[in-house]
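# Geometric and topological summary
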Amino acid sequence: MPSNKTNFKEYHEKQLHALKTKDEQVYELIAKEYQRLQNTIQLLAAENQCSPAVLAALGSVLQNKTAEGFPAARLHGGCEVVDDVERLAVARAKEAFVAKYANVQPHSGTQANQIVITALLETGDKILSLGLEQGGHYSHGSHVSFTGKFFNVENYYVNRETFLLDYDSICEKAVKVKPKLIICGASAYSRTIDFKKFRKIADEVDAYLLADISHISGLVIASAHPSPVDFAHFTTTSTYKPGGPRGGLILMGNDYNRKIKVQRKDKLLCKQIEESTFPGVQGTPYLNHIAAKAVFLKETLTDEYSARQFKIVENAKRLADRLVDLGLDVLTKGTDNHMILVNAANSREGLTGVTSQKSLEDCGIITDKIHLPYDEKPSSITSGIRLGTPIVTKRAMGTEEMDTISALIDATLKNVKIVSDSEYKIDEPFKQQTKKQVKDLCSNFPIH
Ligand SMILES: *Cc1c(COP(=O)(O)O)cnc(C)c1O
């Protein structure tokens, strides 16, 4: 019998109990995932761990609200509270990124890109971006993504020897291609991106510039990486990679006031972005996610968050240095951000990205296999692994732990008996011993 007196606190506090009693199976799976996270070293560049406060907002009654449109201009009734939630998230996004305009509605980083792209381009218009196989993202024009299906996509490349962006060659390519939109930002690039140079190139060919900072947006907030917000016409990011809820953001700086011609009429760029959001690409925004973004963005304004972003870079540099010392082939010999790209195939004869990822995972060290620039192995095999330090840093690990972790990685990759590009064997006692070392290390750094 529902009590007619449940108040807000009781209503929300009974959530976990409700799940346990109503669906033991899902409850147990969630508990198992918590244990997995607790007992393994998460070296993932594309993940983070949000706070309990963010999780609470995600699991709140706000998830029930349908509110198509924007604050004070919704298609539905009863929106006064969620209007305030969204306004708060917008204000905090602007503050965190020092932006003049923020749109907090995109359901994901991919959707944020889709919104910007469809706001600016007509079918068949040209995009110039870093290819997926070179470190770009699906939503930047891969042929398997909508962007590649409906637009005419050309790619620029990193230098074959240095694996660095070569701005002169990007400029040359832009002059030749004359794109309407240039996309910069990457999923696999461990060095600083010069957004000012990208803007110069965009201006030279009269193109819009979109900076997708999904991977580095936490660093950008803390100024541990230069910000694109005033250089790019649009900046997009996922909100989970910097440590918030699933979702996306679109930000604008100096260009927020600029106009675009739509059917021969002048329209504000930011207005065009809103119409492209709804009804262009999405339906109702996820108000629980928007509230969680607000909670997260408030966290990013703290000294703790800011200091942690610098620590993430420090840990990544230390891990990269140690791996180089141990003889592994680290692309560009190091990193400027949270990410380390290792060419496993070059590090040890016969090793591949997939056998490295899997053997490390057998020992409790979680990484991603990754297709490196100019990688000749198929995408299911790859030559590389991508490591990242946001989660270990969140768990309060420091340079000393990075040394331990690099030794564990090196020992594991040395222990692997290679059978083929996708098959390997690992010594059982070694595996059990390493797993235990990992678990012991993790138990001193609980997730919180
Ligand atoms: C992760 C990532 C995205 C996608 O974000 P989702 O929220 O998972 O859709 C977009 N762009 C880049 C560069 C990314 O690394």
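The structure reproduced in this document is the subject of the present report. The model shown is predicted, which means the values in this text are computed figures rather than measured ones.

Quick look at unusual backbone geometry now. Omega for the bond connecting Phe-278 with Pro-279 falls within 30 degrees of zero, at 5 degrees, which places this linkage in the cis form. Locating Pro-279 in the fold gives a position in helix H11 (residues 269-281). A positive phi is found at Val-98, a non-glycine position, where the angle reads about 50 degrees. You can see Val-98 is positioned in the loop between helix H5 (80-97) and strand S4 (101-103). Overall, Val-98 belongs to the exposed group, its relative accessible area being 64%.

Attention shifts here to the sheet that holds strand S5 (residues 126-130). Pairing is mixed across the open sheet formed by 7 strands, whose spatial order is S4-S10-S9-S8-S7-S5-S6. Each having just a single partner strand, S4 and strand S6 (152-156) make up the two edges of the open sheet. Here the average twist between neighbouring strands, direction ignored, is 20 degrees. Two strands pair when backbone bridges link them, and S5 and S6 are joined in this way by 5 bridges, in the parallel orientation. Across the sheet, Lys-126 pairs through a bridge with Asn-152, a residue of S6.

As a further point, take the sheet that holds strand S17 (residues 384-388). Pairing between the strands of a sheet comes from backbone hydrogen bonds, and it takes one of two forms, parallel or antiparallel. Read across the sheet, 4 strands follow the order S13-S14-S17-S16 without closing on themselves; strand pairing throughout is antiparallel. Looking at which strands have only one partner, the edges of the open sheet turn out to be strand S13 (329-330) and strand S16 (368-370). Both S16 and S17 contribute to a ladder of 3 bridges, which runs antiparallel. In the strand pairing of S17, Ile-370 is matched with Gly-384. The strands touched by helix H13 (residues 303-325) within the sheet are S13, strand S14 (339-343) and S17, with S14 carrying the most contacts at an inclination of about 20 degrees. Strand contacts of helix H15 (residues 353-362): S16 and S17, with the helix running at about 45 degrees to S17, the strand carrying the most contacts.

On to the pairing of S17, then. For S17, the buried fraction is high: 5 of the 5 residues fall into the buried class. Along S17, one buried face is formed by Gly-384, Arg-386 and Gly-388 and the opposite face, lined by Ile-385 and Leu-387, is buried too. Relative to S17, S14 is paired through 5 bridges, and the arrangement is antiparallel. Across the sheet, the residue bridging to Asn-343 is Gly-384, located in S17.

The next thing to look at is the packing of helix H6 (residues 109-120) against H11. H11 packs onto H6 with a crossing angle of 115 degrees between their chain directions and a minimal axis gap of 9 Å. Relative to H11, the crossing made by H6 is right-handed. Residues Gln-111, Gln-114, Ile-115, Val-116, Thr-118, Ala-119 and Leu-120 of H6 form the contact with H11, whose own contacting residues are Leu-269, Gln-272, Ile-273, Ser-276, Thr-277 and Val-281. Residue classes in the contact of H6 with H11 are distributed as 7 nonpolar, 6 polar and no charged.

Reading guide: rules and limits
Residues numbered from 1 in each chain as written. Predicted model: local features only at pLDDT ≥ 70, side-chain atom pairs only at ≥ 80, totals over all residues. Heavy atoms only, no water. Helix = DSSP H or I, 4+ residues; strand = E, 2+ residues; numbered from the N terminus. Buried < 20%, exposed > 50% of the residue type's maximum accessible area, 1.4 Å probe, protein only. Pairing = 2+ DSSP bridges. Axes fitted to C-alpha atoms, helices over the stretch in contact; angles between N-to-C directions. Contact = heavy atoms within 4.5 Å. Left-handed = near helix turned anticlockwise from the far one by under 90°. Nonpolar A, V, L, I, M, F, W, Y, C, P; charged D, E, K, R; others polar.

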